[in-house]
Amino acid sequence: MSFDVETDEVEYEGSLVEVEDLEKYYYENDTLFDRVLGREPTAVRAVDGVSFEVQEGETLGLVGESGCGKSTTSETLLGLREATGGSVRFKGRDVFRMTGSERTEFRQDAQIVFQDPFSSLDPRMTVGEIVTEGLRIHGLAGGEERTERAKDLLERVGLSARHADRYPHEFSGGQRQRIGIARALALDPEFVVLDEPVSALDVSVQAQVLNLLEDLQEEFGLTYLFVAHDLSVVRHISDRVAVMYLGKVVETGPVDEIFENPQHPYTQALLDSVPRASVEEYGRRGGTLEGDVPSPRNPPPGCRFHTRCPHARDACTKELPPDYDTGERHEAACFRVDADHEYWESEPLPHASETGEGTSVGGGIADSSD
Amino acid sequence: MSNSETVTADDPGVLERRREDLNRVVYRFKQNPMSILGLCIIFGFVFIAIFAPYIAPYPNDAGYQNQPAVHFDQKFESPSAEHLFGTDQAGRDIFSRVLFGTRLSLRIGVVVLAAAVSIGVPVGLVAGYLGGGVGMALMRITDVFLSVPPLVLALAVSVALEPNLTNVMLAIAAVWWPWYARLTYGEVLSVKEETYVEASRGIGATSTRTIFREILPNVLAPITVKMSLDMGYAILVAASLGFLGLGAQPPTPEWGTMVSQGRDYMPAQWWYSTFPGLAIFLIVLGFNFLGDGLRDMFDVEVQ
């Protein structure tokens with residue numbers, strides 16, 4: 001870049017992180033042997049054209065069922081896995097084309113906290129070494145200073161400075177996750193991907209870790225991408241939410257909009273599946289979706305969700321719905337949002353449980369089990 | 001912030017805890033009496049190897065200080081107080097020669113394994129970490145070596161190079177490294193999928209750094225165990241080559257060579273072959289016991 005002293009404050013337009021049409025395909029049957037036999041490689045479309053943006057200082061929740069590509073998305077956007085298509089811009093610069101000092105800077109500015117606190121810490125390094133490994137790699141602090149920094153970081157995440165000499169196996173899951181958070185903070189990042197950071201923890205410990213994350217966000221002005229399948233956690237921590245289904249984002253919007261006024265049938269079903277403890281809920285039919293998530297090896301044509309959607313019609317199998325604006329920064333990829341779409345004239349699919357008229361928001365998904 | 005998770009119990013301090021860890025490891029090792037026996041046997045042999053000139057009653061009979069001695073007037077004496085293991089066809093004290101043979105055998109074991117590890121482990125590391133075409137090529141080369149029976153290959157190498165002690169070590173190392181490449185490769189494949197390896201890349205570590213700092217330390221345990229088990233086998237193979245006349249040449253006091261020579265005088269002069277054979281048996285047994293003990297120890301530690 002330049003020799004400008006203020007390179008830290010690079011001017012850029014748009015959001016801190018902009019993900020556009022990100023694709024990550026894995027190929028099966030792609031060995032030399034398979035090619036000799038003339039087998040076509042099968043693409044597993046783990047992430048298939050995902051776009052969203054994360055603005056500075058906010059928390060974007062990325063939710064979806066297991067296997068919908070949430071974690072792959074987060075690891076790919078950091079460049080930890082090689083993307084097969086699309087682009088990611090961090091502060092306006094293309095992450096996949098970064099080289100040299102730009103890349104080094106990006107590795108400091110963007111960090112990740114992993115889901116599994118047991119496999120994400122090297123069992124043969126002490127906690128102090130783990131936490132300050134980034135400083136060592138980037139040559140940011142040496143000797144005494146590094147030791148001090150390790151102690152500061154450990155104390156900041158609620159552990160004790162004495163713990164720096166211990167090995168990861170001496171800690172509980174929640175403590176290990178705190179170590180993982182300390183490691184992410186060591187390089188003073190701006191953007192942290194939290195890849196299901198609490199889903200492996202006990203419920204009581206989850207709350208503590210979530211509070212810690214919120215405190216840290218405030219203190220260091222961090223921007224979070226929070227990946228999770230637990231909706232209550234997402235609602236608690238997020239400013240905006242993106243809902244993923246089978247490698248695609250089906251709906252994005254402010255957290256209250258998504259939870260109070262979901263537009264996409266998948267989001268509605270997802271919210272219905274959350275168990276609630278309320279007297280008014282007595283008699284509610286458990287809103288469960290029929291069937292399984294289709295294989296990403298061979299995703300259904302048109303709208304990915306049409307095989308399970310209670311509102312699915314013929315039109316859904318033919319064309320992929322674009323993202324429709326449904327309100328302030330709220331987008332949903334469903335034809336039902338568009339009152340003029342030919343969807344309304346086409347035939348309902350056999351498994352669809354209703355005709356589609358007068359559906360109330362968040363309802364109607366469940367009653368297909370007879 | 002909540003501190004309920006923080007360890008509040010009085011902290012005994014680093015040194016104290018390290019000592020506890022060590023005690024635990026020693027305890028686990030002790031759980032298996034055979035491994036202690038193995039350790040004792042190996043220590044015994046190491047002691048003998050170091051002090052052979054002082055223990056052996058007739059060091060020159062074993063060619064000590066390049067002053068080989070022969071006493072034809074004492075040939076084929078049966079074991080007695082003077083010659084514990086008897087004497088051979090040149091009247092040399094077999095006990096002294098067996099003691100000096102310890103030096104050779106241990107040297108063979110150490111050199112062969114050092115060579116095998118320093119070729120095999122890097123090959124496995126690189127092949128496993130890089131994968132793809134490079135990994136495939138390296139492992140297929142390894143497979144070629146593995147597909148030839150080890151003793152046959154060692155024989156061929158040894159014959160081609162003229163049989164002597166150095167070439168024996170070279171030959172055995174040449175058949176041994178592929179096993180380490182294989183083992184390391186497999187371990188690397190599983191370790192490199194661990195999240196902490198990905199985490200190290202996430203904070204900007206280079207491949208070299210990731211290999212040496214994250215992967216290598218985590219694959220060392222099984223390699224160490226295999227080394228201690230293999231010591232015995234390497235010595236055994238060297239002895240086999242000696243027995244077949246393609247290893248160390250007489251009058252080198254190598255155990256396999258001695259067994260081979262003594263074979264001509266069986267069964268009348270039974271002591272000639274028997275005692276070197278017992279020594280081979282004992283050292284291989286010792287290394288096996290030790291290796292088993294180490295394996296149990298590491299199995300528990302790495303979970």
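Quick caveat: nothing in here was measured; it's all calculated off a predicted structure.

K.L.:
I would appreciate a short explanation of the environment of Phe-226 of chain A in the present structure.
P.N.:
All names here are of chain A. Among the secondary structure elements, Phe-226 is positioned in strand E8 (residues 223-228). Its 28 C-beta neighbours within 10 Å are what place Phe-226 among the buried residues. Leaving out residues up to four positions away in the same chain, Phe-226 has contacts with Thr-59, Leu-60, Gly-61, Leu-62, Leu-194, Val-234, Ile-237 and Ser-238.

K.L.:
Would you mind going over the sheet that holds strand E12 (residues 330-332) of chain A with me for this structure?
P.N.:
In a beta sheet, neighbouring strands pair by backbone hydrogen bonds and run either parallel or antiparallel. All names here are of chain A. Taking strand neighbours across the sheet as the criterion, the 8 strands line up as E6-E7-E8-E3-E9-E10-E12-E11 in an open arrangement whose pairing is mixed. Each having just a single partner strand, strand E6 (110-113) and strand E11 (324-327) make up the two edges of the open sheet. Strand-to-strand twist across the sheet, computed as the mean angle between neighbouring axes with direction ignored, equals 20°. For strand E10 (residues 248-254) and E12, the ladder comprises 2 bridges, and the chain directions are antiparallel. When the bridges of E12 are listed, Thr-252 appears paired with Glu-331. Packed onto the sheet, helix H6 (residues 173-185) meets E6 and strand E7 (191-195) and runs at close to 175° relative to E6.

K.L.:
Honestly, the domain arrangement of chain A in this entry has me stumped. Any pointers?
P.N.:
By a frequent convention, interface size equals the accessible area lost on bringing the separate parts together. All names here are of chain A. Taken domain by domain, chain A consists of domain 1 (11-244) and domain 2 (262-279 + 286-370). Distance from the C-alpha centre of domain 1 to the C-alpha centre of domain 2: 31 Å. Facing the 9 residues of domain 1 at the interface are 10 residues of domain 2. Elements represented by at least two residues in the side of domain 1 that touches domain 2 include exactly strand E2 (42-54) and helix H8 (231-237). Among the elements that take part in the side of domain 1 that touches domain 2, E2 stands out by supplying 4 residues, more than any other. When its residues are assigned to classes, the side of domain 1 that touches domain 2 shows 4 nonpolar, 3 polar and 2 charged.

K.L.:
What's the story with the interface of chain A and chain B in this structure? I'm lost.
P.N.:
If you look at the interface, chain A gives 31 residues, while chain B gives 23 residues. Of all elements in the fold, only helix H3 (100-109), E6, helix H4 (127-137), H6 and helix H7 (203-220) of chain A reach the threshold of two or more residues within the side of chain A that touches chain B. Per-element accounting of the side of chain A that touches chain B gives the leading share, 4 residues, to H7 of chain A. In terms of residue class, the side of chain A that touches chain B is made up of 10 nonpolar, 13 polar and 8 charged.

K.L.:
So what exactly am I meant to see when it comes to the sheet that holds strand E1 (residues 17-28) of chain A here?
P.N.:
Residues and elements named next belong to chain A. Strand order in the open sheet formed by 4 strands is E2-E1-E4-E5, with antiparallel pairing between adjacent strands. Across the chains shown, the open sheet's two edge strands, defined by having one partner strand only, are E2 and strand E5 (93-94). Across the sheet, helix H2 (residues 70-77) lies against E1, E2 and strand E4 (85-90), angled at about 115° from E1, the strand it touches most.

K.L.:
So what exactly am I meant to see when it comes to the packing of H4 of chain A against helix H5 (residues 143-156) of chain A here?
P.N.:
If you want to describe how two helices pack, look at the angle between their axes and the distance between the axes. Residue and element names in this part refer to chain A. Packing of H4 against H5 leaves a shortest axis separation of 9 Å and a crossing angle of 115°. In terms of orientation, H4 and H5 fall into the roughly perpendicular class. The hand of the H4/H5 crossing is right-handed. Of H5, the residues touching H4 (which contributes Gly-128, Val-131, Thr-132 and Leu-135) are Arg-146, Thr-147, Arg-149, Ala-150, Leu-153 and Leu-154.

K.L.:
Looking at this structure, I do not really get the UniProt feature "domain: ABC transporter" (unreviewed entry) in chain A. What am I missing?
P.N.:
In the numbering used here, UniProt assigns the feature "domain: ABC transporter" (unreviewed entry) to residues 17-271 of chain A. Secondary structure within residues 17-271 of chain A divides into 39% helix and 26% strand; the distance between the first and last C-alpha atoms comes to 27 Å.

K.L.:
Explanation requested: the UniProt feature "transmembrane region" (unreviewed entry) in chain B in the structure shown.
P.N.:
Residues and elements named next belong to chain B. This chain's UniProt record puts "transmembrane region" (unreviewed entry) on residues 36-56, 108-132, 231-250 and 270-290. The span residues 108-132 shows a helical share of 96% and a strand share of 0%, and its end C-alpha atoms are spaced 36 Å apart. Between the C-alpha atoms that bound residues 270-290 the distance is 30 Å, and the span itself is 95% helix and 0% strand.

K.L.:
Can you walk me through helix H5 (residues 150-161) of chain B in this structure?
P.N.:
The α-helix winds at 3.6 residues per turn, so residues separated by three or four positions along the chain end up facing the same way. Between its first and last C-alpha atoms H5 of chain B spans 16 Å; for 12 residues at 1.5 Å apiece the expected length is 16 Å, and the two agree. Looking at the residues trailing H5 of chain B, positive phi occurs at Glu-162 of chain B, about 75°.

K.L.:
Explain the confidence of the model for chain A to me, please; I cannot follow it from the model alone.
P.N.:
In regions of low pLDDT, the predicted coordinates are not meant to be interpreted in detail. All names here are of chain A. Overall, the predicted model of chain A reaches an average pLDDT of 84, with 89% of residues at or above 70. The model gives residues 1-7 a pLDDT under 50, and that stretch makes 4 contacts with residues more than four places away or in other chains. Under a pLDDT of 50 for its full length, residues 355-370 has, in the predicted model, 30 contacts with residues more than four places off or in other chains.

K.L.:
Sorry if this is basic, but what is going on with unusual backbone geometry here?
P.N.:
When glycine is set aside, most residues are seen to have a negative phi, and most peptide bonds are trans. Note that the residue after Pro-250 of chain B, namely Pro-251 of chain B, is joined by a cis bond; omega there is 10°. Within the secondary structure, Pro-251 of chain B sits in the loop between helix H8 (207-243) and helix H9 (255-263). Cis geometry is adopted by the peptide bond preceding Pro-267 of chain B, which originates at Met-266 of chain B and carries an omega value of -10°. Structurally, Pro-267 of chain B can be placed in the loop between H9 and helix H10 (271-301). Phi at Asp-21 of chain A is positive, roughly 50°, even though this residue is not glycine. You can see Asp-21 of chain A is positioned in strand E1. A residue is classified by how many C-beta atoms lie within 10 Å of it, and Asp-21 of chain A, with 13 of them, is partly exposed. Located in the positive-phi region is Arg-329 of chain A, a residue other than glycine, with phi close to 50°. Classification of Arg-329 of chain A as exposed rests on a count of 12 C-beta atoms within 10 Å.

Calculation notes
Residues numbered from 1 in each chain as written. Chains lettered and ligands numbered in written order. Predicted model: local features only at pLDDT ≥ 70, side-chain atom pairs only at ≥ 80, totals over all residues. Helix = DSSP H or I, 4+ residues; strand = E, 2+ residues; numbered from the N terminus. Buried ≥ 20, exposed ≤ 12 C-beta atoms within 10 Å, placed from the backbone. Contact = placed C-beta atoms within 7 Å. Pairing = 2+ DSSP bridges. Axes fitted to C-alpha atoms, helices over the stretch in contact; angles between N-to-C directions. Domains from an automatic or database assignment. Nonpolar A, V, L, I, M, F, W, Y, C, P; charged D, E, K, R; others polar. Parallel < 35°, antiparallel > 145°, perpendicular 65-115°, else oblique. Left-handed = near helix turned anticlockwise from the far one by under 90°. UniProt positions renumbered as here; feature names shortened; annotations may be inferred. Expected span 1.5 Å × (residues − 1). pLDDT = per-residue confidence, 0-100.

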